[in-house]
Amino acid sequence: MELRIHAPHADRVVAEIDDGPSVELQRSGAEWIGAVPDGVRYAISAEGPAGATGGGRRSLVDPAATEVWFPDTHRRVAARPGRPSNVGCAPLAVAAPWPPRQAQRPTTRPRLVYEAHARGLTKRRDRTDAGTFSAAIGELARLRALGISVLELLPVHQYDPDEGNYWGYMPLVFGAIHRQYAAGEHPAAELADLVVAAHEHDIEVWLDVVFNHTTEEDGGGPTYNLRGLDERGYYVVRADGSYVDDAGTGNIVDARSRPVQRLIIGALDRLADLGVDGFRFDLAAVLTRDPAFVRDLGDWADRRGVRLIAEPWDLARYQLGRAFPDRRWAQWNGRFRDDMRSFLRGEPSMVPAVIRRVQGSPDLFDAPLDSINFLTSHDGYTMYDLVAYEQKHNQANGWDNADGADDNRSWNGGWEGDDQVPADVVAVRRRQLRNAMCLLLLSHGTPMFVAGDEFARTQGGNNNPYNQDNETSWIDWDRQAQWAEHECFVRRLIELRATHPVLWQTAPWGDRVEFYGTDASPDLGEHSRALAWHIDGLYVLANMWWEPLDFAVQVPGRWTVAIDTTVVAAEPASVGASRRVGPRSIVVLTSDR
């Protein structure tokens, strides 16, 4: 296997093969080139002023490794500054062959994104391979039946298991697959098998990718690879040697650096070769420090036939919508999340914002399907916790409940948590869950929800369980039986969405959509909490007021109740000149005219 190591300041670079002779790499400009036998484990040693090695000898991981192996003696602390050496307890690259290239297969159905953790999805299933890609294949038939057409996995980059992470947002090597997610010895091949199986169920696979920072943290972090090869060539470092930390993790990569760009494109090529259909870029605003590179990524995606999705912000920038430098990217719509959560819990003055969000946010996007609409994601409450907790409960994370967002725009129905909840509060929560799914799935755009939201998965009010590799984060399948009625409701709602192409058409609605209040005109005032909209045989009446309201039916025709969130399954009934909508509830009418 050929090696190309970017280390422009090194005097000597060696590939040290585990149980074998070392290989001297030869300089070619800023790179060092050589080869190691297929299948061997190896480390990189860079001598001279290559970067910040912390004053001791460092065994480095090839940044372009195809696989990483961790010895039983691995300790993260050994790679931190002040330690004399991490040799013998450092991770090693594996010269593992990559699976044969396979094609992408776009779904033929309306896109509905299901965000899941590769381990947490099945960890509590009763099977020997629980928590792996192999086990995830067993979930695909259920997802297809539910109506899911996109499975988006949280990061599968190889990360340091000694770092105390669960989500996987601290990558060690961008283009290697995390070994723990494989049931066997070949993680990339197992992921490829999952992609093939998903395609057979007409489901796309998207990966959450983290190219904005690495596990090396700040100046006090471990030296694993980039810092030991070319610190200032890979990271944004101030003149005084401190790191710019716009990701909240200690460092950000320098998106203007050609070595960084080559590393990212190389990793993407490798992942796309597995048949992956799309990539969601964590904190993509970090990469917009070089807008030309963001457009280069768009060109690459066009060539490879994959989708790019941006989380269009970081700690320093918020570039949602047209502010993002390439219109070809879809984007997580944080405004949809915030505005719809506020409307759901009955905040004042939200009707004008909801009018925009329902239409696919034309104030932000030219193409409605580029808006990834979501109320929940891995980062924050589950949908059930959104209606059961007003305060975060993150004590288990180890930060004295100081971590995680404070602005959750949640409402608990009048009772915090799940202990001895009164029956009337349970009823309100169930209705609010149905309301939330209606707001999500009856809006124009590409909807997304988190695995388990369809049956009210809970994290006990923890809105930042990034380090909870346990029952807090793993899907509790007993919950599915307890909330079977809600899952049936969600399935019917997804079917309703599928039968109304206007909700997933590529063109904006424009003046085809009509908005009303309880009478002919929508009330845009501070105290209004009601809105109705009609387009192409679909009429939605939304009342987030705490008392029932009578809506005049403004569009003539034969209207039938399809959804009434005051009940799990509404009986089909004809509607006359008006329809009463219960407190904090939504009624959906359909017409065959």
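Moving on to the pattern of salt bridges. Counted by the stated rule, this structure contains 45 salt bridges. The partner of arginine 76 in a salt bridge is glutamate 217, with the nearest N and O atoms 2.8 Å apart. Of this pair, arginine 76 sits in the loop between β7 (67-69) and β8 (92-94) while glutamate 217 sits in the loop between β13 (204-209) and α4 (226-234), and the two are 141 residues apart along the sequence. For aspartate 299, the salt bridge identified is with arginine 328, shortest N-O distance 2.7 Å. In this pair, aspartate 299 is assigned in helix α6 (residues 291-304) and arginine 328 in the loop between β15 (307-310) and β16 (330-332), connecting sequence segments 29 residues apart. The partly exposed category is assigned to arginine 328, whose relative accessible area is 37%.

Turning our attention to unusual backbone geometry. Backbone geometry places serine 361, a non-glycine residue, at a positive phi of 55°. Within the element layout of this structure, serine 361 appears in the loop between α8 (351-358) and β17 (371-374). Judged by relative accessible area, which is 0%, serine 361 ranks as buried. The phi dihedral of aspartate 400 is positive, around 55°, even though this residue is not glycine. Here aspartate 400 is to be found in the loop between α9 (383-386) and α10 (423-441).

Once that is clear, we can look at the packing of α4 against helix α5 (residues 258-272). Any two packed helices are characterised by how steeply their axes cross, that is the angle between the axes, and by the distance between the axes. Orientation of α4 relative to α5, taken along the N-to-C sense of each, is 120°, at an axis distance of 9 Å. With respect to α5, the axis of α4 lies oblique. Counting all contacts with α4, which are made through Leu226, Gly233 and Tyr234, the residues of α5 involved are Pro259, Val260 and Leu263.

Space left empty within the atom packing is revealed by a probe, the size of a water molecule, rolled over the atoms. One pass over the full model with this rule turns up 4 cavities of 30 Å³ or more. Its volume calculated, the largest cavity comes out at about 180 Å³. The residue inventory of the lining of the largest cavity, partitioned by class, reads 10 nonpolar, 8 polar and 2 charged. Here the second largest cavity is characterised by a volume of approximately 50 Å³. Surrounding the second largest cavity, Pro63, Leu172, Val173, Phe174, Thr214, Asn225, Leu226 and Leu263 form its lining. Residues that form the lining of the second largest cavity fall into these classes: 6 nonpolar, 2 polar and no charged.

Below, the discussion takes up the state of the cysteines. All told, the structure shown has 0 disulfides when counted by the stated rule. Cysteine cysteine 488 is unpaired, with the sulfur of cysteine 438 as its nearest cysteine sulfur at 15 Å.

We now examine the environment of glutamate 526. Residue position: glutamate 526 is located in the loop between β19 (514-516) and β20 (530-535). A relative accessible area of 49% places glutamate 526 in the partly exposed class. Considered as a pair, glutamate 526 and serine 371 are 155 residues apart in the sequence and their alpha carbons are 27 Å apart. Those residues in contact with glutamate 526, other than ones at most four positions away along the chain, are Pro348 and Ser349.

Turning to the nonpolar core, a few remarks are in order. Counting 142 residues, the largest nonpolar core has Tyr114, Leu191, Leu207, Phe279 and Phe281 as the members making the most contacts within it. In contact with phenylalanine 281, not counting residues within four places along its chain, are Val209, Phe211, Leu268, Leu287, Leu297, Leu308, Ile309, Ala310, Glu311 and Trp329. Of all hydrophobic cores here, the second largest spans 16 residues; its members include Val150, Val236, Trp313 and Ile372.

What follows concerns the layout of surface pockets. Counted as a void, the largest pocket has a volume near 1200 Å³. Split by residue class, the lining of the largest pocket holds 14 nonpolar, 11 polar and 14 charged. Around the second largest pocket, the lining comprises 20 residues; the ones closest to its centre are Arg4, Asp62, Ala64, Arg262 and Leu263. Elements with a contribution of two residues or more to the lining of the second largest pocket: β1 (2-6) and α5.

Tracing the backbone through its elements, the reader meets aspartate 564 in strand β23 (residues 559-564). In this structure aspartate 564 comes out as buried when scored by relative accessible area, which is 10%. Among the polar contacts listed, one links the side chain of aspartate 564 to the side chain of arginine 579, at a separation of 2.8 Å. Among residues more than four places away in sequence, those in contact with aspartate 564 are Ala570, Arg579, Ile586 and Val587.

Reading around the barrel, the 8 strands line up as β9-β10-β13-β14-β15-β16-β17-β18 and close back on themselves, with parallel pairing between neighbours. Here the average twist between neighbouring strands, direction ignored, is 25°. When β15 meets β16, the two strands line up parallel, connected through 2 bridges. Looking across to β16, one finds that isoleucine 309 is bridged to alanine 330.

Cut-offs applied
Residues numbered from 1 in each chain as written. Predicted model: local features only at pLDDT ≥ 70, side-chain atom pairs only at ≥ 80, totals over all residues. Heavy atoms only, no water. Salt bridge = Lys/Arg side-chain N within 4 Å of Asp/Glu carboxyl O. Helix = DSSP H or I, 4+ residues; strand = E, 2+ residues; numbered from the N terminus. Buried < 20%, exposed > 50% of the residue type's maximum accessible area, 1.4 Å probe, protein only. Axes fitted to C-alpha atoms, helices over the stretch in contact; angles between N-to-C directions. Parallel < 35°, antiparallel > 145°, perpendicular 65-115°, else oblique. Contact = heavy atoms within 4.5 Å. 1 Å grid on protein atoms, 1.4 Å probe; cavity = no way out; pocket = protein on both sides within 12 Å on 5 of 7 lines; lining within 4 Å. Points joined across faces, edges and corners; volume = space filled by probe spheres on them. Nonpolar A, V, L, I, M, F, W, Y, C, P; charged D, E, K, R; others polar. Disulfide = S-S within 2.5 Å. Core = buried A, V, L, I, M, F, W, Y, C linked by side-chain atoms within 4.5 Å. Polar contact = N/O pair within 3.5 Å; in protein donor to acceptor, adjacent residues only side chain to side chain. Pairing = 2+ DSSP bridges.

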